[in-house]
Amino acid sequence: MKATETNLKGVYLIEPKVFGDERGWFMESWSKQKFDGAGLHIEFVQDNHSFSATKGTLRGLHYQTDPMSQAKLLRCTKGSIFDVAVDIRKNSPQYKKWTGVILSAENKKQLFIPRGFAHAFLTLVDDVEVQYKADNYYAPHYDGNILWSDPDIGIEWPFEPVVLSDKDKNAPLLKERVERNELNFMFDEDLRVWNF
C-alpha cells in the first residue's frame, strides 16, 4: 500500500498493491497493520455502500460535528467519481482549502479523509458504486452539509451536477454555518492521530 499526502495535510491518496494474472486480480482494500505503519491510526466501525444511477449525481458536501465527527476511507468499486475533501475546522491553517481526486473501479485508488473535513463526490459516469469505511457511527443530530458550489470554497468541479437531493440543493453556505456556530471540531496539529 502506498499512502501519499495530498495538498491538504492529513488527507491521503491510498494506492493498494494489485496482483494480477490470467485469472484476474487481487488486492488488500484495507489493512490496519499497513495503515498503522503509515501513521494512520484509525479504528473503523462502520462500512457504507452507495449506488448512483446517473452521471452527474452529486452527494455532499457532508460532515458530522464532534463528538461524532468521522474519518473516512473511500473507494469507487463501479464506475468513477470526482471525490472532494474540504477542511472546515475554523482554527486550521488550511481552513476552506479543498482537494479533489478521481477514484474509479479501474484505478482502485482510495481517499482517506480525517475528521473535521466535509466530503462530496460527483459521479463521472452512469451506474456508480462507492464504498467507504467510517471511524464513527452515523449520528443524524450531528449531521451537517454545506452548499457544493460555495464561492468561499471554490471547488473546481469537472462539470455542473445534474442530480442532487433537496437537502444538498438547499444546503447553507459555510459562512452561515460559522455564523450559527454549527462547526464544532477539535483541532489537532497531527491530523493523522485521533484519540476519542
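Whatever comes next refers back to the structure up there.
Residues numbered from 1 in each chain as written. Predicted model: local features only at pLDDT ≥ 70, side-chain atom pairs only at ≥ 80, totals over all residues. Heavy atoms only, no water.

Caption draft 1: View of the overall build of the chain. Within the chain, the secondary structure is distributed over three helices and 13 strands. Relative to the compact-globule value of 16 Å for 196 residues, the chain shows a C-alpha radius of gyration of 16 Å, a close match. Each principal axis of the C-alpha atoms in the chain carries an extent, and together these give about 55 × 40 × 30 Å. Residues classed as buried in the chain amount to 48% of the 196 residues present. Taking all contacts inside the chain whose residues are at least 6 apart in sequence as the whole, residues at least 24 apart take part in 79%. Accessible surface, the chain as shown: approximately 9,900 Å² in total, 48% of it carbon and sulfur. (Helix = DSSP H or I, 4+ residues; strand = E, 2+ residues; numbered from the N terminus. Rg over C-alpha atoms; globule rule 2.2 N^0.38 Å. Buried < 20%, exposed > 50% of the residue type's maximum accessible area, 1.4 Å probe, protein only. Contact = heavy atoms within 4.5 Å. Areas by Shrake-Rupley, 256 points an atom, 1.4 Å probe, with all protein chains shown as cover.)

Caption draft 2: The arrangement of the sheet that holds strand S7 (residues 72-78) in detail. Strands sit in the order S1-S2-S10-S7-S12-S5 across an open sheet of six strands; the sheet is antiparallel. Each of the sheet's edge strands pairs with one partner strand only, and the pair in question is strand S1 (2-5) and strand S5 (46-52). This sheet shows a mean twist of 25° between the axes of neighbouring strands, independent of strand direction. In this structure, S7 lies alongside strand S12 (residues 128-134), joined through six bridges in antiparallel fashion. Bridge pairing in S12 places Lys-72 opposite Ala-134. (Pairing = 2+ DSSP bridges. Axes fitted to C-alpha atoms, helices over the stretch in contact; angles between N-to-C directions.)

So, to be careful, I would describe these as geometric facts and stop short of saying anything about function.
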